[in-house]
Amino acid sequence: MTAKLTHPTRRALLKSAAGAALATPFLSIRAAAETVNLSMLAWYGHAEPDIVGEFEEQHNVKFTPKYYTGGDNMLGLIAQSPPGTYDVILSDAEYVQQLNAAGYIEELDSNDYAFDDFFPEFQQFPGHWKDGKLYSVITRFGFLGISYNADVLSESDAASYNIFSDSRLTGKLGHFDWHLPNLGQISLLNGNSDPFDLSDEAWQQVQDSTMALRGQVGGFFDYGGTFSSLKNGQMTAFAGIGDWITGVLEKNGANVRTAIPEEGGLQWTESFSIGKGSRNQEMARKWIQYITSPEGQAKSADMAAYPALIPNKKGWVVLNEANPAEAKRQNMVLGQHNAMDLIREDRIKYRQLPVQQSLEDWNDFWSDYKGA
């Protein structure tokens, strides 16, 4: 018996065509939605998958990072690049005013950012605003004190910067190779309540006190060198760093710590701006909103490259829920004495640019010290 040939009915054809028509726009939209390339100038780690992965997936974005070490290096990279090269710029707080004065960053709308969620100390952070206008949004911060190998030194040993002169550190004292944090710490040791606003006499005393340590110093290191030399015991203690280095080592089992000595510590502060002439300003704005949201803040606090304290109080709540051990390790537990109390007790001073000397004065002395 011959099999009966069947043909699709008009109704079936119309139904099939309708389905294809409905699918086609979505296919076209997906094909047309090209990935946004968002360029970022930052310290290492800020454009790595643990921080940007979720945002990239949500917004069809791909970050292209350019990493730097130190504010002077950052300024040099921007100066050598045409406007629009960097969509988002992460900078240390003390450099925001220079970025603004040079016309490197865009004015921001403060209404775009949830400053009400921030601790009051960070809602109008010094230097991020000018004439009531916002130019940068604080994202994270940390404290610089005495970082040390706890197999050799005790917490009481690290209670004063005077430990830098101890015979146990001869040839074992390391410097993170950047003048601002190191000289700021020696300034605190000398009793300067504002460690970066120094008279000529006080500045000379800082130079003399620093130079007296030269025989103790085993080396001057970049990020990688600081990390490895503290890990392998080449250096017993470090000036100019904090938990942003020792926290990574500690979480990986190294017996190292950072203490805030009796003379006080320094605060480093990072913030995001939108680069002048960025062609992706809307997406750059969304990125800053994301990384300063409670969820973004919790990620930032536990960043794989280097941990940090965060200014968003709701971010503390999220971090305590998601990773209570890290919240406790960094002293970010609400309802008890915590990192914010160190600021409120005036034990922490903001790291700044020199007030009465030029940046070149400090940099020139640092070069002389290294060469001595």
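Everything below is about the structure shown above.
Just so we're clear, the structure is a prediction, and the values are computed from it rather than from any experiment.

Caption draft 1: Examining the nonpolar core more closely. Membership of the largest hydrophobic core comes to 109 residues, with the highest contact counts inside it found for Phe63, Met74, Phe122, Phe164 and Trp287. Broken down by element, the residue count for this core peaks at six residues, all from helix α9 (residues 281-291). Leaving out residues up to four positions away in the same chain, Phe164 has contacts with Ile146, Leu169, Leu173, Gln185, Ile186, Leu213, Gln216, Phe238 and Ala239.

Caption draft 2: Seen up close, a negative patch on the surface. On the surface, Asp72, Glu360, Asp361, Asp364 and Asp368 cluster together into a negatively charged patch. With four residues, helix α14 (residues 359-371) is the largest single contributor of residues to the negative patch. Topologically, Asp364 is positioned in helix α14.

Caption draft 3: Representation of helix α11 (residues 313-322). Taken together, the buried positions of α11 are occupied by Gly315, Trp316, Val318 and Leu319. Buried residues of α11, viewed axially, fall in a sector of 165 degrees; they line one side. On its buried side, α11 packs onto α10 (294-301), α12 (324-329) and α13 (339-344). Two or three places before Lys314, at the opening of α11, Asn312 has a side-chain oxygen 2.9 Å from that residue's backbone nitrogen.

Caption draft 4: Broad picture of the environment of Met303. Its place among the elements puts Met303 in the loop between α10 and α11. Judged by its relative accessible area of 1%, Met303 is buried. On a C-alpha basis, the gap between Met303 and Glu326 in space is 11 Å, while along the polypeptide they are 23 residues apart.

Caption draft 5: Seen up close, the environment of Ser271. Examined against the element boundaries, Ser271 turns out to sit in strand β12 (residues 265-274). On the accessibility criterion, Ser271 (0% relative accessible area) is buried. For the pair formed by Ser271 and Tyr135, sequence separation is 136 residues and the distance between their alpha carbons is 9.7 Å. Setting aside chain neighbours within four positions, we find Ser271 in contact with Ile89, Leu90, Ser91, Val96, His128, Ser136, Val137, Ile138 and Thr139. One polar contact links Ser271 to Ser136, side chain to side chain, over a distance of 2.7 Å.

Caption draft 6: Layout of the packing of aromatic side chains. Inspection of every chain in the model, using the stated rule, returns 33 aromatic pairs. Between the aromatic rings of Phe63 and Trp287, the centroid separation amounts to 5.0 Å while the plane-to-plane angle is 65 degrees, which identifies the pairing as edge-to-face. Remark: Trp287 occurs in helix α9 and Phe63 occurs in strand β2 (residues 61-68); sequence separation between them is 224 residues. Comparing Phe63 with Trp287, the two get one shared label, buried.

Cut-offs used in this document
Residues numbered from 1 in each chain as written. Predicted model: local features only at pLDDT ≥ 70, side-chain atom pairs only at ≥ 80, totals over all residues. Heavy atoms only, no water. Core = buried A, V, L, I, M, F, W, Y, C linked by side-chain atoms within 4.5 Å. Buried < 20%, exposed > 50% of the residue type's maximum accessible area, 1.4 Å probe, protein only. Helix = DSSP H or I, 4+ residues; strand = E, 2+ residues; numbered from the N terminus. Contact = heavy atoms within 4.5 Å. Patch = residues over 30% accessible without salt bridge, like charges linked within 9 Å, V, L, I, M, F, W, Y side chains within 5 Å. Areas by Shrake-Rupley, 256 points an atom, 1.4 Å probe, with all protein chains shown as cover. Salt bridge = Lys/Arg side-chain N within 4 Å of Asp/Glu carboxyl O. Lys, Arg positive; Asp, Glu negative; His and termini not counted. Charge placed at Lys NZ, Arg CZ, Asp CG, Glu CD. Arc of directions from axis to C-beta. Polar contact = N/O pair within 3.5 Å; in protein donor to acceptor, adjacent residues only side chain to side chain. Phe/Tyr/Trp six-rings, centres within 6.5 Å; stacked < 30°, edge-to-face > 60°.

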